[in-house]
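Fold and contact review
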Amino acid sequence: MASSFLCLLFISLSTADGFMTYRLSRCDFNSTELKDIQFTDSYYYNMIEIIRFDSNVGKFVGFTDFGVKTAETWNNIPARLASMRAQKGTYCKSNIDVRYHKLTSKSGERAVICVTSSGVPVDLTLNHL
């Protein structure tokens with residue numbers, strides 16, 4: 001079975017002092033079953049990951065002082081945690097079900113599907129050398 005992943009990338013630029021912030025949401029999977037899907041949602045500032053939600057962990061984890069404080073705050077908001085935990089089933093599962101046949105159609109290839117923030121899918125296929 002081909003190993004594959006689906007990613008959704010949101011980029012927003014801040015004009016204040018030339019700093020850049022962006023958010024990367026990913027669904028890693030080996031099959032269409034929920035137990036084989038991992039959803040991660042990471043927030044970056046100036047190319048440094050500051051906070052991440054991981055469906056395998058079930059909560060936000062901070063990687064900087066600001067990220068640790070933010071994770072603590074977000075983890076104390078039950079509705080936010082419930083929403084993020086649901087993304088594995090609502091966001092990942094629905095996209096994987098639609099696109100999974102493309103990812104496993106050819107053996108020996110690793111397929112990557114990215115969806116831009118405007119909703120335009122970009123299919124890439126990486127062949128093994």
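Scroll up to find the structure.
It should be emphasised that the depicted structure is a prediction, and the values quoted were computed from it without experimental measurement. (Residues numbered from 1 in each chain as written. Predicted model: local features only at pLDDT ≥ 70, side-chain atom pairs only at ≥ 80, totals over all residues. Heavy atoms only, no water.)

Moving on, we come to the overall build of the protein. Looking only at helices and strands, the protein features 2 helices and 7 strands. Secondary structure elements in the protein, listed N-terminal to C-terminal, are β-β-β-β-β-α-α-β-β. For the protein, with 129 residues in total, the buried portion stands at 35%. Long-range pairs, those at least 24 residues apart, make up 34% of the contacts in the protein with a sequence separation of at least 6. (Helix = DSSP H or I, 4+ residues; strand = E, 2+ residues; numbered from the N terminus. Buried < 20%, exposed > 50% of the residue type's maximum accessible area, 1.4 Å probe, protein only. Contact = heavy atoms within 4.5 Å.)

Attention now moves to the state of the cysteines. As enumerated under the stated definition, the model contains 1 disulfide in all. Here cysteine 27 connects covalently by a disulfide to cysteine 92, the sulfurs 2.0 Å from one another. Its torsion about the S-S bond being -80°, the disulfide of cysteine 27 and cysteine 92 is classed as left-handed. With a gap of 65 residues between them, cysteine 27 in strand β2 (residues 20-29) and cysteine 92 in helix α2 (residues 78-103) connect regions that are remote in the sequence. For the residue pair cysteine 27 and cysteine 92, the accessibility class agrees, reading buried in each case. (Disulfide = S-S within 2.5 Å.)

Let us look at unusual backbone geometry. One non-glycine residue, asparagine 46, adopts positive backbone phi at about 55°. Residue position: asparagine 46 is located in the loop between β3 (37-45) and β4 (48-54). On the accessibility criterion, asparagine 46 (33% relative accessible area) is partly exposed. Positive phi, close to 70°, is recorded for methionine 47, a residue that is not glycine. As for its position among the elements, methionine 47 is in the loop between β3 and β4. For methionine 47, a relative accessible area of 69% translates into the label exposed.

Another aspect to go through is the pairing of β4. A regular strand places its side chains on the two faces of the sheet in alternate fashion. Counting buried residues in β4 gives 5 out of 7 residues, a clear majority hidden from the surface. Here 6 bridges tie β3 to β4, and the two strands are oriented antiparallel to one another. Across the sheet, the residue bridging to tyrosine 45 is isoleucine 48, located in β4. Connecting β3 to the antiparallel partner β4 that follows it, the hairpin turn spans 2 residues, and asparagine 46 within it adopts a positive phi of roughly 55°. Note that β4 and strand β5 (residues 59-62) share 4 bridges and pair antiparallel. By the bridge assignment, aspartate 54 is partnered in β5 with lysine 59. Between β4 and β5, which pair antiparallel in sequence order, lie 4 residues; one of them, glycine 58, sits at a positive phi of approximately 85°. (Pairing = 2+ DSSP bridges.)

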